[in-house]
Amino acid sequence: MRAMITAGVALALLTASACGAPARDGGDGADGDRDFSIGSTLDQVPATDLEEYTVRIADVDAATEAAGLERPDDPGDEAATAQWLAPLTGQRSQDGYAPIPLFLPELTVRSTLNLAEFDDLAGWSLVDVASYADIPEAPGRFTVIAGDVDDDTLAHLPEVGDGVRTVGEGEDGRGDLSGRNAVQSTGAPVRMAQRDGQLAASDSTAVVKDWLSGPSEPLTTDPTVDSLADALDEAGSVSALMSVGHDFSADSQPVSEQSFGPLPPSDFDAVALGWSADDDEPVVTIAYHFADEAAASDSVESLREVFEDGTDSRGTRLSDSLALGEITAQGPVVTATLSTKEDGAHADLATRLRQRDAPFVHG
C-alpha cells in the first residue's frame, strides 16, 4: 500500500498527536545486522520503580515497509518527513490507514514538527531510528533506540560523567519552561549515551549510566512484562503498547453510566497490544496478564464472548469492526488474535486501551 498525504495537512495533523542484558533472539549484532523482537528490545530497558506505566515498542523499519512508505534521508525535508510519519502515526491517507501504527517515544513527539532542530540539538532524529522502546511517564522517562548512531553521534554534547552527555544544563528533572525546544519539551535537561549502535535518553542521569554498562535489572525481569513480550513475539508483532499495573476494572471508569457487557470476571493487571501485517492487512494481537494460570484459563471463554457478543461504553458491538481469530491461554496470559472489518479499527484499539473501554475492562 502506498500511503500519500500532503505536507501541510500532515504537519497540521501531527500537532495533535531503550549490553549486558540477558540474551534473546534479536538485537544488534557486531556486524550491524538487526533481528527485531519485542523481548530483546525490552531487555535494553532498565526496570522502573513506577507502579503504573506504559511501554511503547516498535520496529520502525518493518512498519515503514508494510505501509509502502519511504524513509527520508534528510530530517530537514519537511514534506518528505510528513509523508513518511503522518500515515505511520495514525493519520488516514487516500489509501486508508497504515497497517502497523507507531506510537512514538515521548522524547520525539514534539520533534515531529521540526526534525531538523531535534537533529541539530541531539545529533540524531527519528529518521535515524530503526526501532525503539519507551517509557513515557515521569519521573525516570526512558527511551532506547537502535539505528544509525555511532561514537560520533553525541560527540558535540557536553559530558556529565562516565559517558553520559546532556542536552541542556541543570539538575535532573529541573528546567525552565522558557528553555523548551525540540528535545527539551519541559525545559529540563535530557541525558543521553550511546553504545553498540544503540542510544538511550532519559531525564535521569543514573538511569542512563545504568543502561550504558548494561541494565543491571532490565524491564523483562518483571515476569508480567516478560510473559507479555513472549506472547507478542510469538504472534510476530512489530509495534506494541503495554499498559502495566493500571486498574482495568469497570468500577474504576470515570463515567458512571458506562455500561460494558459482557465482562470477563477475573481481574487482569496488564495488557499488551501488538500489531503486524499480513498481505498489507493489519493483524492485531491482544495479550492479557492474569494473576495465575488458572485465572487465565478460566477467562478464555468469557473473553471470547467479549469479542463476539460484547459492546463498548457507547453500546457499539466489538464484532462490528473486529473479527476474532484465535484465542488461547498459556501460563498467566490469554492471547487473542484479531483482524479488522473497518478501516482504522486496528489503530482505534489504542484509544480504547487508553480510555479503558472494552475490550480492556474486567468485572
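The structure this text deals with has already been given above.
Being a predicted model, the structure only gives us computed values, none of them experimental. (Residues numbered from 1 in each chain as written. Predicted model: local features only at pLDDT ≥ 70, side-chain atom pairs only at ≥ 80, totals over all residues. Heavy atoms only, no water.)

(A) Spatial organisation of the environment of H156. Locating H156 in the fold gives a position in the loop between β5 (142-147) and β6 (159-161). In this structure the C-alpha to C-alpha distance between H156 and G123, which are 33 residues apart in sequence, comes to 7.7 Å. In contact with H156, other than residues within four places in its own chain, are D120, L121, A122 and G123. (Helix = DSSP H or I, 4+ residues; strand = E, 2+ residues; numbered from the N terminus. Contact = heavy atoms within 4.5 Å.)

(B) Looking closely at the pairing of strand β12 (residues 281-290). Counting buried positions along β12 gives eight out of ten residues, so the element sits mostly inside the fold. Summarising the sheet, strand β11 (residues 268-278) and β12 pair through ten bridges and their orientation is antiparallel. Bridge pairing links V271 to Y288 in β12. Hairpin connection, β11 to β12: the antiparallel pair is bridged by two residues, and D279 has positive phi, about 55°. (Buried < 20%, exposed > 50% of the residue type's maximum accessible area, 1.4 Å probe, protein only. Pairing = 2+ DSSP bridges.)

(C) Highlighting the sheet that holds strand β4 (residues 129-135). Spatially, twelve strands are ordered β6-β7-β8-β9-β5-β4-β3-β10-β11-β12-β14-β13 in an open sheet, and the strand pairing comes out antiparallel. Only two strands of the sheet have a single neighbouring strand rather than two, namely β6 and β13 (322-330). On average, adjacent strands in this sheet sit at an angle of 20° to one another, irrespective of strand direction. Taken together, the five bridges between strand β8 (residues 190-195) and strand β9 (residues 198-202) define a ladder with antiparallel strand orientation. Along β9, the bridge assignment pairs A193 with A200. Sitting on the sheet, helix α7 (residues 205-212) touches β5, β6, β7 (164-167), β8 and β9, and the angle it makes with β8 is about 5°. (Axes fitted to C-alpha atoms, helices over the stretch in contact; angles between N-to-C directions.)

(D) Spatial organisation of the packing of aromatic side chains. Considering all chains together, one arrives at five aromatic pairs under this definition. Ring geometry for F103 against W275: centres 5.3 Å apart, planes inclined by 35°, an arrangement best described as tilted. Residue F103 is located in the loop between α4 (78-88) and α5 (106-109), and its partner W275 is located in strand β11; the two are separated by 172 residues in the primary sequence. Relative accessible area serves as the criterion here: at 22%, F103 is assigned to the partly exposed category. (Phe/Tyr/Trp six-rings, centres within 6.5 Å; stacked < 30°, edge-to-face > 60°.)

(E) Seen up close, unusual backbone geometry. Across the junction of A138 and P139, the peptide omega takes the value -5°, indicating a cis bond. Of note, P139 is situated in the loop between β4 and β5. In this model, A358 is joined to P359 through a cis peptide bond whose omega is 15°. With respect to the helices, strands and loops of the structure, P359 is situated in the segment after α10 (345-355). Of note, the phi angle at D196 is positive, near 50°, even though the residue is not glycine. Within the fold, D196 resides in the loop between β8 and β9. Among the residues examined, D196 registers a relative accessible area of 54% and is labelled exposed. With a phi angle near 55°, R356 is a residue other than glycine that sits in the positive phi range. Classification of R356 as buried rests on a relative accessible area of 13%.

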